[in-house]
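Chain residues, written in single-letter form:
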Amino acid sequence: VHCVGSILLKAAHLTSLDEWRRTLALNLDSAFYGLKAAVAPMQAQGAGSIVLLRSVAAGTGLASHEAIAAAKGGVEGLVRAAARRAGARLRRRR
C-alpha cells in the first residue's frame, strides 16, 4: 500500500521549481519505486495486489493544489498503465 501525502497550497505560478520537484518526488517518484520493487516478487508468485492512493485534487482540480494534483494524477496514470500490463498475468488472492 502506497499512501504518501504532502500538501503544497500554492498556485503554480508561485511555486518554486524546488517545491514542484519535491512534491513530485515525494508523491509520484515514491509510487514508482514501490511499484518497481513489488512487481518482480508478485510475478514470481503469480499473484498479489498493489494499492496506490491518489488525492481528490487530482480528479477535481482544487485551486492552489497544482503540484499535488499533477503528482497524484501521475500516480493514477502509473497504476492504470501497470495494471493493464501486469493484470492479465497476475491473479488476485483473497
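Residues numbered from 1 in each chain as written. Predicted model: local features only at pLDDT ≥ 70, side-chain atom pairs only at ≥ 80, totals over all residues. Heavy atoms only, no water.

Asker: Can you lay out the pattern of salt bridges for me, pointing to particular residues and giving the numbers?
Answerer: Per the counting criterion, the structure on display carries three salt bridges. The salt bridge partner of Glu19 is Lys10, with a shortest N-O separation of 2.7 Å. Using a relative accessible area of 26% as the deciding quantity, one classes Lys10 as partly exposed. Measuring nitrogen to oxygen at the nearest pair gives 2.7 Å for the salt bridge that ties Arg22 to Asp18. Taken together, the positions of Arg22 and Asp18, both in helix α1 (residues 17-45) and four residues apart, correspond to about one turn of that helix. (Salt bridge = Lys/Arg side-chain N within 4 Å of Asp/Glu carboxyl O. Buried < 20%, exposed > 50% of the residue type's maximum accessible area, 1.4 Å probe, protein only. Helix = DSSP H or I, 4+ residues; strand = E, 2+ residues; numbered from the N terminus.)

Asker: Requested: an account of the environment of Ala44, with residues and values cited.
Answerer: Inspection of the secondary structure assignment puts Ala44 in helix α1. When the C-alpha atoms of Ala44 and Ser55 are compared, they prove to be 31 Å apart, with eleven residues separating the residues in sequence.

Asker: Account for the packing of α1 against helix α3 (residues 66-86), with residues named and values stated.
Answerer: Between α1 and α3, the shortest axis-to-axis distance is 8 Å and the interhelical angle comes to 15 degrees. By the angle between their axes, α1 is roughly parallel relative to α3. Here α1 runs over α3; the crossing is right-handed. Here Trp20, Thr23, Leu24, Asn27, Leu28, Ala31, Phe32, Leu35, Val39 and Gln43 of α1 come into contact with α3, specifically with Glu66, Ala67, Ile68, Ala70, Ala71, Lys72, Gly74, Val75, Leu78, Ala82 and Arg85. Taken together, the residues that form the contact of α1 with α3 break down as 14 nonpolar, four polar and three charged. (Axes fitted to C-alpha atoms, helices over the stretch in contact; angles between N-to-C directions. Parallel < 35°, antiparallel > 145°, perpendicular 65-115°, else oblique. Left-handed = near helix turned anticlockwise from the far one by under 90°. Contact = heavy atoms within 4.5 Å. Nonpolar A, V, L, I, M, F, W, Y, C, P; charged D, E, K, R; others polar.)

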